[in-house]
Structures are given as structure tokens and as C-alpha cells.
There are 2 protein chains.
Amino acid sequence: MVMARPGKISEAVVRRLPLYLRVLDELAEAGQTKLLSSQELGERAGVTPALVRKDLAWFGEFGKQGVGYDVHYLRSELRRILHLDKEIRIALVGVGSLGMALARYHRRRYLIEPDFNLHIVALFDTDPRKIGEVVDGVPISSLGELPVLVDRLGIRMAMIAVPAEAAQGVADRLAAAGVKAILNFAPVKLKVPPGVHVATADLSGELQCLAYYLDR
Amino acid sequence: MVMARPGKISEAVVRRLPLYLRVLDELAEAGQTKLLSSQELGERAGVTPALVRKDLAWFGEFGKQGVGYDVHYLRSELRRILHLDKEIRIALVGVGSLGMALARYHRRRYLIEPDFNLHIVALFDTDPRKIGEVVDGVPISSLGELPVLVDRLGIRMAMIAVPAEAAQGVADRLAAAGVKAILNFAPVKLKVPPGVHVATADLSGELQCLAYYLDR
DNA sequence: TAGATTGTTAATCGATTAACAATC
DNA sequence: TAGATTGTTAATCGATTAACAATC
């Protein structure tokens with residue numbers, strides 16, 4: 001087995017791995033298919049077969065020539081590569097209607113799907129009326145408790161679902177508390193220290209892009 | 001003024017336009033800045049100045065050499081290019097907790113911001129208990145009413161916030177009803193007829209990408 | 001073995017950056 | 001005019017595709 005050379009892998013490649021993983025999840029669930037060619041995987045993921053092979057080759061050799069990829073083996077390797085083979089504990093900051101929806105959705109998946117390892121273990125808000133309230137078994141804490149809870153619960157990832165004005169402040173506190181990856185739903189470009197990764201899910205921005213394609 | 005040559009413009013370019021627009025919105029709101037260089041716009045949007053100029057040049061000449069871009073003029077031109085200068089009526093299908101959050105968020109922005117032209121005018125769900133319920137002034141309708149309401153209300157865009165299994169069916173019905181742009185929150189790759197644009201907001205996929213960057 | 005499909009290298013394509021002439 | 005900054009062309013960079021030898 002060829003060793004992976006991480007660090008050099010481009011974001012474009014990483015962004016496709018969850019697509020492949022979803023296809024494998026579905027096939028593993030269905031249980032029919034044992035083997036899968038890059039052709040088939042590509043079709044289902046919406047990617048060319050050559051690109052599938054090239055993407056996977058960055059991380060090792062997972063297929064057999066003339067045969068294809070073993071669904072369960074490739075799935076478990078992708079889960080390992082994405083660090084989804086172990087539980088990842090997540091904090092969610094901002095329990096407004098969006099935050100609440102995100103919390104519920106992910107909590108539910110975590111409880112239902114046996115190996116959905118994204119685990120929201122803490123909720124935070126600044127509204128004193130919300131603090132103490134329990135959502136799907138998780139209490140809402142004040143932001144002051146962030147450092148202690150990140151430490152105690154082993155939180156490594158966070159979602160920010162607060163108003164735009166508050167997002168940078170929250171990001172600062174998350175980074176200070178040691179959170180290494182942030183999914184930001186506020187429409188602002190966050191500045192974070194090196195070593196912290198941010199992805200922005202800019203929902204209104206997506207709508208604005210789509211509007212471009214409307215004629216007139 | 002040089003005429004735009006639309007159709008050839010890459011998605012990479014279009015995806016940055018909302019970033020520029022947001023910067024211009026903020027500056028216009030603040031009211032301080034009248035003129036802006038590609039340098040400054042780039043910094044605020046997280047893009048190189050050369051790329052800012054190149055992106056804008058696809059659509060025309062909006063700046064003055066030696067001077068820069070007029071904030072209000074460029075803003076209004078970008079709004080026009082993105083078709084955000086006129087109201088865009090949107091249907092939202094699936095009023096679960098995520099759908100509800102999306103509806104509330106966008107309704108509120110539409111009511112508060114004078115020229116936020118993304119207007120959710122109809123909500124749809126299959127749950128008979130929800131049908132008839134009113135969310136922020138918009139009633140929830142049954143999916144059967146989709147064609148009539150799309151037509152009557154002039155709906156051109158839609159958001160899908162239903163469970164993964166139901167998403168393709170909803171997309172088919174939206175396309176059949178004449179909706180031309182779809183923002184899909186379900187973790188599936190939708191197939192749509194030519195002329196219909198789909199963007200996928202795969203929130204769990206984003207988290208999975210982020211997980212890659214966690215060490216160990 | 002013959003057929004199939006991988007892993008990988010080389011060719012192509014497209015997007016970003018650098019540079020600069022045009023011009024305000 | 002001198003200084004600044006655009007719009008645009010050329011150079012670079014990176015990502016995707018095509019092709020094929022390796023091999024199951």
C-alpha cells in the first residue's frame with residue numbers, strides 16, 4: 001500500500017470525497033453491490049471516472065485492476081481519511097430558528113444512523129431566556145462556559161448560526177477555546193488564526209448566484 | 001460601454017459576484033465610502049485585485065482609470081447583472097424545522113431590508129396537519145397546488161428542504177411547473193431538465209469536508 | 001489466457017496572476 | 001502634468017481529461 005502524502009491535497013479533491021462517501025453509504029446500506037468500478041462510482045457522484053481514480057490515488061491504492069473497488073472497504077477507507085470513523089464532537093453557537101433546525105437535524109441523524117459520527121454535544125446562546133433550555137437532550141449554555149465545555153467534552157468543531165454582526169466575535173472565542181474547524185452560516189468572511197479551518201455556508205449567497213441564471 | 005457577452009461566463013466568476021455585492025451593500029449602508037479600488041474591494045471580499053477587475057470586465061466597464069469604482073453605481077450594476085434589481089418570487093417546499101428556519105430568515109430579511117428582493121411567497125408540505133398553517137404571513141399549501149400557485153404568483157425559484165428520499169420527486173414537480181432555479185438542501189444529486197439550474201447546499205457534506213482537516 | 005479496470009503519466013483545458021498600456 | 005488605477009493581454013499555475021501500461 002502506497003502511503004498518503006497529506007498536506008498537498010487540494011481542496012477541490014477533499015470536497016469530492018463526501019460525494020463518493022455518500023454513494024458508498026447508499027450502496028452499503030442497500031447491500032446489493034459488493035464491487036464498484038470508477039465508472040459507476042463516477043456516474044452516481046456526478047464526476048468522470050478518471051477523476052474518481054485520480055482523487056482516490058492521492059490517498060493510496062484502494063482498487064484491484066480489472067475488478068474495481070470493494071464497496072465496504074473503500075467506504076471504510078474514505079471514512080478513515082475524512083476522520084469520520086471516530087466520533088467528532090461539535091458545538092453549535094446561536095440557537096435561533098436556523099441553529100435549532102441544525103441542532104435537531106444533526107442530533108436526529110446521530111441518534112438514528114449507527115455510524116453518523118458528527119455529534120452535537122453542546123449548544124450556546126447569549127439570550128438569558130434560552131440558557132438552560134434543553135433541545136433534543138442537549139442544554140443551551142451561556143457563551144462564558146465555552147472554554148470549559150470545549151475542554152471537558154472534547155469539542156473540536158463548531159457551527160456558527162448567529163447574526164452577522166456577532167459571528168466574528170464568536171469565531172474568536174471558538175478559536176481561543178481550541179476549536180479547529182468552523183462551519184459558518186453568517187454572511188461574513190471570518191478571520192481566524194492559522195490552523196483553524198472555516199467553511200462558509202452562505203445560503204443567501206447561493207440564492208443570489210442562482211438568480212443570475214434566471215433570464216431577464 | 002462594452003456589451004456583456006453572457007453565456008460564456010464561468011460559474012467560478014458568478015459565484016464571486018455575491019461576495020462583491022455584499023461588500024458594496026455594507027459600504028453603501030455605511031454611506032462613508034463613495035469610491036473603491038479593486039485593491040480595497042478585493043481585500044474585503046477575500047480575492048486578489050486582478051481577479052476583481054477581470055471578473056467585472058466580463059460584464060462591462062464599471063470603473064474609471066486612476067479613480068476606481070463608484071460604490072453605488074457598481075452596486076446597482078451588480079444587482080442588475082444578478083437580476084436582484086427586481087423581485088424574485090420563491091417557493092419553499094418542506095416546512096420541517098430547516099424549512100421553517102429558512103422561511104423565517106428570508107421573510108424577515110425581505111420585510112426589513114428595503115431592497116432584499118428574494119421573496120418567499122409560497123410554502124408547501126405534504127403533511128395534512130401543516131397545510132393551512134400560516135408562517136410569517138405565508139400559508140402552507142399542499143403540493144397539488146404547486147402548478148397553480150407557481151403560475152399565479154410568478155414563482156421562478158424554489159428551495160427544497162424535504163427528506164432526501166422525497167427531493168427528486170419534488171424537483172420533478174417544480175421543473176414541470178416551470179421553476180427555473182432550485183436551491184436543494186437534501187443530500188442528493190438532483191436530475192433536472194435542461195434550462196433548470198440547481199445548486200446544492202449540502203450542510204452535512206460541508207461538515208464532512210471540515211472533518212478532513214482535523215488532525216487524527 | 002483474454003477481458004476488464006486500475007493507477008499513473010502526459011496532454012489539455014481553464015482559471016488565476018502578473019504586467020502594462022490606456023486613460024482618468 | 002504626474003500619479004493612480006482601470007481594462008486587457010500574456011504568463012503561470014493548477015485541475016481535469018485522455019491515454020495506456022500494469023495487473024488482477
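Residues numbered from 1 in each chain as written. Chains lettered and ligands numbered in written order. Predicted model: local features only at pLDDT ≥ 70, side-chain atom pairs only at ≥ 80, totals over all residues. Heavy atoms only, no water.

On to the relation of the copies chain A and chain B, then. Screw-axis analysis of chain A against chain B gives a translation of 0.0 Å along the axis, an RMSD of 0.0 Å, and a rotation angle of 180°. Both copies of the chain, as the preceding transformation shows, are related through a two-fold rotation axis. Looking at the interface residues of chain A, 100% of them are also at the interface in chain B, so both copies use one shared face. (Least-squares fit on C-alpha atoms with pLDDT ≥ 70 in both. Contact = heavy atoms within 4.5 Å.)

On domain assignment, one finds that chain A holds domain 1 (11-81) and domain 2 (88-206). On a C-alpha basis, the centres of domain 1 of chain A and domain 2 of chain A stand 30 Å from each other. (Domains from an automatic or database assignment.)

A word on helix α8 (residues 203-212) of chain B. An α-helical turn contains 3.6 residues, so a residue and the one three or four places further along point in the same direction. Burial of α8(B) is extensive: 10 of the 10 residues sit out of reach of the surface. When we look at burial in α8(B), the residues that qualify are B:Leu203, B:Ser204, B:Gly205, B:Glu206, B:Leu207, B:Gln208, B:Cys209, B:Leu210, B:Ala211 and B:Tyr212. (Buried < 20%, exposed > 50% of the residue type's maximum accessible area, 1.4 Å probe, protein only. Helix = DSSP H or I, 4+ residues; strand = E, 2+ residues; numbered from the N terminus.)

The next point concerns the protein's contact with DNA strand D. Around DNA strand D, a shell composed of 23 residues is seen, among which B:Ser38, B:Gly63, B:Gln65, B:Gly66 and B:Tyr69 lie nearest. With respect to DNA strand D, the side chain of A:Arg16 contributes an N or O atom lying 2.9 Å from a phosphate oxygen. Separating a base nitrogen of DNA strand D from a side-chain N or O atom of A:Arg53 is a distance of 3.3 Å. A class-by-class count of the residues in the surface near DNA strand D yields five nonpolar, 10 polar and eight charged. (Near = heavy atom within 4 Å. Polar contact = N/O pair within 3.5 Å; in protein donor to acceptor, adjacent residues only side chain to side chain. Nonpolar A, V, L, I, M, F, W, Y, C, P; charged D, E, K, R; others polar.)

Turning our attention to the packing of aromatic side chains. The geometry of an aromatic ring pair is captured by the separation of the ring centres together with the interplanar angle, meaning the angle of the planes. Inspection of every chain in the model, using the stated rule, returns six aromatic pairs over all chains. Measuring from centroid to centroid gives 6.2 Å for A:Phe59 and B:Tyr212, while their planes differ by 80°, and the two rings are edge-to-face. Of the two residues, A:Phe59 is situated in the loop between α3 (49-57) and β2 (63-64) and B:Tyr212 in helix α8; the pairing between them involves two chains. Its relative accessible area of 11% is what places B:Tyr212 among the buried residues. Between the aromatic rings of B:Tyr212 and B:Tyr213, the centroid separation amounts to 5.1 Å while the plane-to-plane angle is 85°, which identifies the pairing as edge-to-face. Aromatic rings pair up to connect A:Phe59, B:Tyr212 and B:Tyr213 into one cluster. (Phe/Tyr/Trp six-rings, centres within 6.5 Å; stacked < 30°, edge-to-face > 60°.)

So, about the protein's contact with DNA strand C. Residues in contact with DNA strand C amount to 23 residues; listed here are only the nearest, A:Ser38, A:Gly63, A:Gly66, A:Tyr69 and B:Thr48. A:Ser38 is positioned with one of its backbone polar atoms (N or O) 2.6 Å from a phosphate oxygen of DNA strand C. Within the contact set of DNA strand C, a base oxygen lies 3.2 Å away from a backbone nitrogen or oxygen of B:Gln65. Elements represented by at least two residues in the surface near DNA strand C include exactly α3, β2 and β3 (68-70) of chain A together with α3 (49-57) of chain B. A total of four residues in the surface near DNA strand C trace back to one element, the largest contributor, which is α3(B). Looking at the surface near DNA strand C residue by residue, the class counts come to five nonpolar, 10 polar and eight charged.

Quick look at the pairing of strand β9 (residues 181-184) of chain B now. Residues and elements named next belong to chain B. Residue alternation in β9 divides its side chains into two sets, Ala 181 and Leu 183 and Ile 182 and Asn 184, and both sets are buried. Pairing of strand β8 (residues 155-160) with β9 involves four bridges; the strand directions are parallel. When the bridges of β9 are listed, Ile 160 appears paired with Asn 184. As a crossover connection, the stretch from β8 through helix α7 (residues 164-177) into β9 is right-handed. Pairing of β9 with strand β10 (residues 197-200), which is carried by four bridges, proceeds in the parallel orientation. Bridge pairing links Leu 183 to Ala 199 in β10. (Pairing = 2+ DSSP bridges. Right-handed = clockwise from strand over helix to strand, strands pointing away.)

Let's shift gears to the packing of helix α1 (residues 11-30) of chain B against α3(B). Residue and element names in this part refer to chain B. Across the interface, α1 lies against α3 with an axial gap of 10 Å and an inter-helix angle of 110°. It follows from the interaxial angle that α1 and α3 lie roughly perpendicular. In this structure, α1 uses Val 13, Arg 16 and Tyr 20 to contact α3, whose residues at the interface are Leu 51, Val 52, Asp 55 and Leu 56. Looking at the contact of α1 with α3 residue by residue, the class counts come to five nonpolar, no polar and two charged. (Axes fitted to C-alpha atoms, helices over the stretch in contact; angles between N-to-C directions. Parallel < 35°, antiparallel > 145°, perpendicular 65-115°, else oblique.)

Before going further, it helps to spend a moment on the side chain of B:Asp125. All names here are of chain B. As for its position among the elements, Asp 125 is in strand β5 (residues 118-125). With relative accessibility at 9%, the residue Asp 125 sits in the buried group. Within the structure, the side chain of Asp 125 is placed 2.7 Å from the backbone nitrogen of Val 95, a separation counted as a polar contact. Within polar-contact distance, the side chain of Asp 125 engages the backbone nitrogen of Asp 127 at 2.9 Å.

The subject of this paragraph is the interface of chain A and chain B. Of the residues lining the interface, 57 residues belong to chain A; the matching set on chain B comes to 57 residues. Between chain A and chain B lies a buried interface of about 5200 Å² when both sides are counted; carbon and sulfur atoms form 67% of it. Together, A:Leu207, A:Gln208 and A:Tyr212 form the three largest contributors to the area buried by chain A at its contact with chain B, with a combined 15%. Across the chain A-chain B interface, the total number found is four salt bridges. Salt-bridge contacts for B:Asp202 lead to A:Arg22; the nearest nitrogen and oxygen are separated by 2.8 Å. (Buried area = accessible area lost by both parts, 1.4 Å probe. Salt bridge = Lys/Arg side-chain N within 4 Å of Asp/Glu carboxyl O.)

On to unusual backbone geometry. The phi dihedral of A:Asp136 is positive, around 50°, even though this residue is not glycine. One non-glycine residue, B:His83, lies in positive phi territory at about 65°. Of note, B:His83 is situated in the loop between α4 (71-81) and β4 (88-93). You can call B:His83 buried: its relative accessible area is 16%.

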